[in-house]
Amino acid sequence: MKKNILVVEDNKQVAEAIVHSLEKAGYTARVCSDGTAAIENLKSSIFHLVIIDLLLPFTSGMNVIKWSKTEFPTLPIIVLSSILDENIVTRTYLMGAYDYITKPYHPSRLLQSVEKGLKQAE
């Protein structure tokens, strides 16, 4: 069974690159461009992992992480963000993020994190 991954990214080019890498690796990916849409998608579909930016329209990535971990405590969440502030990185881990990857990122690093996150969740 293919694993479903939700990609929450408001930059269309970045989202397309992530989806391309995921699909090439055999995953199914759905994209949301804002935090509110991410929560609605998580409510209505089954996802095995989330890749999320922090700076999103309508609802921040931090709020989505908080909501997700309340509703789906074992759901692996990978933060993919340009924010380098150590306090924010630490906060995401304390909220339950599986990994934090900074932009610009290397696709192989992201795929490695996806694979490990999915294995840990099994």
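Nothing here was measured: the structure is a model prediction, and the numbers come from that model. (Residues numbered from 1 in each chain as written. Predicted model: local features only at pLDDT ≥ 70, side-chain atom pairs only at ≥ 80, totals over all residues. Heavy atoms only, no water.)

Quick notes on the packing of aromatic side chains
Our working definition: Pairing of aromatic rings covers Phe, Tyr and Trp, the last counted by its six-membered ring, and requires centre-to-centre distances within 6.5 Å; plane angles under 30 degrees mean stacked, over 60 mean edge-to-face, and any other angle means tilted.
For the structure on display, the rule yields one aromatic pair. For the ring pair W67 and F72, a centre distance of 5.9 Å and an interplane angle of 70° mean the geometry is edge-to-face.

Some points on the side chain of H48
Test applied: Think of it this way: any DSSP run of H or I at least four residues long counts as a helix, any run of E at least two long counts as a strand, and we number them from the N terminus. We call a residue buried when its accessible area falls under 20% of the maximum for its residue type, exposed when it is over 50%, and partly exposed in between, using a 1.4 Å probe and counting protein chains only. It only takes one pair of heavy atoms within 4.5 Å for two residues to be counted as in contact.
With respect to the helices and strands, the residue H48 is situated in the loop between α2 (35–44) and β3 (49–52). Classification of H48 as buried rests on a relative accessible area of 18%. Not counting chain neighbours up to four residues away, the residues in contact with H48 comprise M1, K2, K3, N4, L75, P76 and L118.

Observations regarding the sheet that holds β3
The condition that has to hold: The pairing criterion for strands is at least two bridges between them, as found by DSSP. All axes here are fitted lines through C-alpha atoms, helices being fitted over the stretch that makes contact, and every angle between N-to-C directions spans 0 to 180 degrees.
An order of β2-β1-β3-β4-β5 is seen for the five strands of this open sheet, with the pairing classed as parallel. Bordering the open sheet on either side are β2 (28–32) and β5 (99–102), each of which pairs with just one other strand. Averaged over all pairs of adjacent strands, the angle between strand axes in this sheet comes to 20°, irrespective of strand direction. The strands touched by helix α1 (residues 12–24) within the sheet are β1 (4–8), β2, β3 and β4 (77–81), with β2 carrying the most contacts at an inclination of about 165°.

Overview of the environment of K66
Within the secondary structure, K66 is located in helix α3 (residues 61–71). Spatially, the C-alpha atoms of K66 and A38 are 12 Å apart, while their sequence positions differ by 28 residues.

Brief notes about the packing of α2 against α3
The description of two packed helices rests on the angle between their axes and on the distance between the axes. Threshold: In these notes the angle categories are as follows: under 35 degrees is roughly parallel, over 145 is roughly antiparallel, 65 to 115 is roughly perpendicular, and the rest is oblique. For any pair of crossing helices, the crossing counts as left-handed if the nearer helix is rotated counterclockwise from the farther one by less than a right angle, and right-handed if it is rotated clockwise.
With their axes 9 Å apart at the nearest point, α2 and α3 run at an angle of 15° to one another. In this view, α2 runs roughly parallel relative to α3, as classed from their interaxial angle. Handedness of the α2/α3 crossing: right-handed. Residue-level inspection shows G35, A38, I39, L42 and K43 of α2 in contact with α3, the latter providing V64, W67 and S68.

With respect to the pattern of salt bridges
Here is the rule we go by: The salt bridge criterion pairs a side-chain nitrogen of Lys or Arg with a carboxyl oxygen of Asp or Glu, the two atoms within 4 Å.
Counted according to the given criterion, the structure contains four salt bridges. Here K103 ties to D53 by a salt bridge, and the two come within 3.2 Å at their closest N and O atoms. One end of the pair, K103, is in the loop between β5 and α5 (107–121); the other, D53, is in the loop between β3 and α3, and 50 residues separate them in sequence. Residues participating in the shared-partner salt-bridge network are E9, D53 and K103.

Shape is all these values report; function is a separate question.
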